[in-house]
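Below are the chains, spelled out letter by letter.
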Amino acid sequence: MLIIGIAGGTGSGKTTVVKKILHQLPNDMVAIVSQDNYYRNHEELSFEERCQLNYDHPDALEFSLLIKHLKLLKQGKSIDMPVYSYVQHARLEETISVKAKKVIIVEGLMVLWEATLRKLLDIKVFVDADDDERLIRRIRRDMLQRGRSVEDILKQYEATVKPMHLQFIEPSKRYADIIIPQGGNNAVGIELLATRIKMKLMEN
């Protein structure tokens, strides 16, 4: 089994990179684990209180559960991955069954930040992109998928997204084995990553 971690700032193109990698590998060979589904579930708080939480700090994520699930997958066992709603700021009752595959891709903002998680990764990738491009993508995504206004998006970006990126996400780049500038638009970088994955699989 090969576990690949793909990290990078908001709107950097992580999801696009993952999709393009999937196109180059057999469908039955890859499982995706999204860090976004592992935000802590604060049932004790009201919706208004949950809206005020800092979701861009590492403490917002339940890394222990993510690590536990990756270890289970590594043992060949299936997991019930939680599903998180950005609209409700809470986990849903439903889960997603993820089966152990030859390739596990873990994708998320802080995949390279947590030391215990990093030790489980065979290939560590950081997807990089220009700050302005990332902000534009974030605005488009949050308006379309999460029903937020431009004013609210920019307020959150200035208050937590940008400072937390500089404090936690950007420094984690130094742990990467591969850095892909320009996100999903970097065809050469994606091709090199796909080739590296194929080579690793042949070694195993």
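First, a word on scope: everything that follows refers to the structure included in this document. Remember, it's a predicted structure, so these values are computed and weren't measured experimentally.

### Focus on the overall build of the chain
Counting secondary structure elements, the chain contains 7 helices and 7 strands. For 204 residues, the compact-globule formula gives about 17 Å, and the C-alpha radius of gyration of the chain, at 17 Å, lands near that figure. Along the first, second and third principal axes, the C-alpha atoms of the chain reach 50 × 35 × 30 Å. If you sum the accessible surface of the chain, you get close to 10700 Å²; carbon and sulfur atoms cover 50% of it. For the chain, the centre of its 30 positive side-chain charges and the centre of its 28 negative side-chain charges are spaced 7 Å apart.

### Remarks on a nonpolar patch on the surface
A contiguous nonpolar surface patch, about 220 Å² in accessible area, is contributed by Met143, Val150 and Leu154. Counting through the fold element by element, Val150 comes out in helix α6 (residues 150-169). The exposure class of Val150 is partly exposed, given its relative accessible area of 36%.

### Some thoughts on the pairing of strand β1 (residues 2-8)
Across the 7 residues of β1, 7 count as buried, placing the element largely inside the fold. Inspection of the sheet shows β1 paired to strand β5 (residues 103-107) by 5 bridges, in the parallel sense. Looking across to β5, one finds that Gly5 is bridged to Val106. Two elements, β1 and strand β6 (residues 123-127), share 5 bridges in a ladder whose sense is parallel. Within β6, the residue paired with Ala7 across the bridge is Phe126.

### Thoughts on α6
The terminal C-alpha atoms of α6 lie 23 Å apart, and with 20 residues this falls more than 12% below the ideal 28 Å at 1.5 Å per residue. Tyr157 marks the point of greatest bend in α6, at about 50°. Turning to α6, its buried residues are Ile153, Tyr157, Thr160, Val161, Met164, His165, Phe168 and Ile169. As for α6, its buried residues are in contact with β1, β6 and α5 (131-145).

Rules of the game
Residues numbered from 1 in each chain as written. Predicted model: local features only at pLDDT ≥ 70, side-chain atom pairs only at ≥ 80, totals over all residues. Heavy atoms only, no water. Helix = DSSP H or I, 4+ residues; strand = E, 2+ residues; numbered from the N terminus. Rg over C-alpha atoms; globule rule 2.2 N^0.38 Å. Areas by Shrake-Rupley, 256 points an atom, 1.4 Å probe, with all protein chains shown as cover. Lys, Arg positive; Asp, Glu negative; His and termini not counted. Charge placed at Lys NZ, Arg CZ, Asp CG, Glu CD. Patch = residues over 30% accessible without salt bridge, like charges linked within 9 Å, V, L, I, M, F, W, Y side chains within 5 Å. Salt bridge = Lys/Arg side-chain N within 4 Å of Asp/Glu carboxyl O. Buried < 20%, exposed > 50% of the residue type's maximum accessible area, 1.4 Å probe, protein only. Pairing = 2+ DSSP bridges. Expected span 1.5 Å × (residues − 1). Bend = angle between axes of the 7 residues up to and from the residue. Contact = heavy atoms within 4.5 Å.

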